[in-house]
Amino acid sequence: QSNTTAMEMVELFEKLSGKQPGIRKAHANGLCATANFVPNPAMSEYSSASIFTQETVPATIRFSMGSGNPSADQRASGARGMAIQLAGPNGELHNIVGNSTPIFAAKNPDVFFGLLQTLLPGENGQVDYAKVGQYIATHPSTQPLAQWQQTTNPPYSFGTSKFFGLHTFYFVNAQGTETMFRWHITPDAGERLITNEEKAALPAEFLNNHTTEQFNQDGISFTVTATIGQEGDTTNDPSQAWPTDRDTIEMGKITLTEIGGDACTPINFDPNVMASGFKASDDPVLRMRSPAYAISFGKRLSGQ
Ligand code: HEM
């Protein structure tokens, strides 16, 4: 159980990004798209989910910058998001909501909250980076992501970024057998990050333009893959990667059909909204996401 509440979390986001009435309290800057998901029929062995029995499943997708600032600088390092809502048969929804970072910032909501608190400006209006560094040095679970951020440039286009589910989930098949997995998404065009030269030369809002250009010129598609966990792999710590030698299975392909528009506005991309045939793990970060997204959703729909 976390000491930090979802309300405290959302209020901290609002302190960090300033009040942004009517806008998502995280991942504020986004680009909506529609797509088709074509599942791998072999997935039915792992999961009874109805989406795997279809030839194609309509999807609404929102790509985003991680911060709560609606005009976030797209040259800055840090998380980009990809949120997918699959509209399965008979109205069954399945959300797949991940980040471009291969691990999460902390092992649980309390440590995440503590880390974010160090990023609040002090009385002089400045962030005290020595304090941030001190927190990271004394909280080992924050170190893998901090290291990744220092060494990884942001993507050139949303269509050239990888995305990761980070949490552990379970497939449940028709016999009730559970298989633990973590998903990731790879761009079929290959990964392409901006170079240091581009980082210096590009305008702050290049990312949506590059994505639209890629869509118009070549199209954009992704492959969704599940990594199958083994006994001993962590089920509740998203700051820890699994060993890289695990088996994988392709869950399906996503191909964008349209880009732009506001179809994403009324959607709450809560990652715990899953089709039957999937199950959440006991990861406390995953648990925290439902109440936090609901608070943010309620606030933005009511203009707060
Ligand atoms: C305790 C941890 C977390 C908290 C408190 C949190 C909170 C939030 C909130 C408040 C929103 C805005 C929801 C809305 O207004 O609709 C959001 C959006 C989002 N979050 Fe998280 N989040 C957490 C962890 C994560 C993790 C681990 C991932 C990636 C695996 C993630 C990926 C996203 C994405 C992609 C969006 C944008 C969804 C959209 O486009 O509507 N978040 N988050």
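These numbers were taken from a predicted model, which means no experiment stands behind them.

Student: Break down the overall build of the protein chain for me, citing the residues and quoting the values.
Tutor: Counting its secondary structure elements, the protein chain contains 7 helices and 10 strands. Relative to its length of 304 residues, the protein chain is compact, with a C-alpha radius of gyration of 19 Å against a globular reference of 19 Å. Based on the C-alpha atoms only, the size of the protein chain along its principal axes is roughly 60 × 45 × 40 Å. Per-residue burial over the protein chain gives 50% buried out of 304 residues. On the protein chain, roughly 14000 Å² of surface is accessible, and the fraction owed to carbon and sulfur atoms is 49%.

Student: Which residues make up the state of the cysteines, and what values go with them?
Tutor: Scanning the entire structure with this criterion turns up 1 disulfide. Across the disulfide, Cys32 is cross-linked to Cys264 (sulfur-sulfur distance 2.1 Å). Its S-S torsion of approximately 80° makes the covalent link between Cys32 and Cys264 right-handed. Residue Cys32 is located in strand E1 (residues 30-39), and its partner Cys264 is located in the loop between strand E9 (248-259) and strand E10 (278-280); the two are separated by 232 residues in the primary sequence.

Student: So, the coordination of the iron atom of the ligand: which residues are in play, and what are the values?
Tutor: Ideal coordination angles are 109.5 degrees for a metal with four donors arranged tetrahedrally and 90 or 180 degrees for a metal with six donors arranged octahedrally. When only protein atoms are considered, the iron atom of the ligand has one donor, Tyr293 (OH), at a distance of 2.0 Å. Topologically, Tyr293 is positioned in helix H7 (residues 284-301).

Student: Quick one: what's the story with the nonpolar core, residue by residue and with numbers?
Tutor: Counting residues in each nonpolar core, the largest one holds 43 residues, and the members touching the most others are Phe63, Met251, Leu256 and Phe278. Elements supplying a minimum of two residues to this core: E1, strand E2 (57-65), strand E3 (80-87), strand E6 (169-172), strand E7 (178-187), helix H6 (206-218), strand E8 (221-228) and E9. At 5 residues, the largest contribution of residues to this core is made by E2. Ignoring any residue separated from it by four or fewer positions in sequence, one finds Met251 in contact with Phe37, Pro39, Asn40, Met43, Phe52, Phe171, Phe181, Trp183, Val224, Thr225, Ala226 and Phe278. In terms of nonpolar packing, the next biggest core, distinct from the first, is built from 22 residues, Phe112, Leu115, Leu145 and Phe164 among them.

Quick notes on the rules
- Residues numbered from 1 in each chain as written.
- Predicted model: local features only at pLDDT ≥ 70, side-chain atom pairs only at ≥ 80, totals over all residues.
- Heavy atoms only, no water.
- Helix = DSSP H or I, 4+ residues; strand = E, 2+ residues; numbered from the N terminus.
- Rg over C-alpha atoms; globule rule 2.2 N^0.38 Å.
- Buried < 20%, exposed > 50% of the residue type's maximum accessible area, 1.4 Å probe, protein only.
- Areas by Shrake-Rupley, 256 points an atom, 1.4 Å probe, with all protein chains shown as cover.
- Disulfide = S-S within 2.5 Å.
- Donors = N, O, S within 2.8 Å, 3.2 Å for Na, K, Ca; no water.
- Core = buried A, V, L, I, M, F, W, Y, C linked by side-chain atoms within 4.5 Å.
- Contact = heavy atoms within 4.5 Å.

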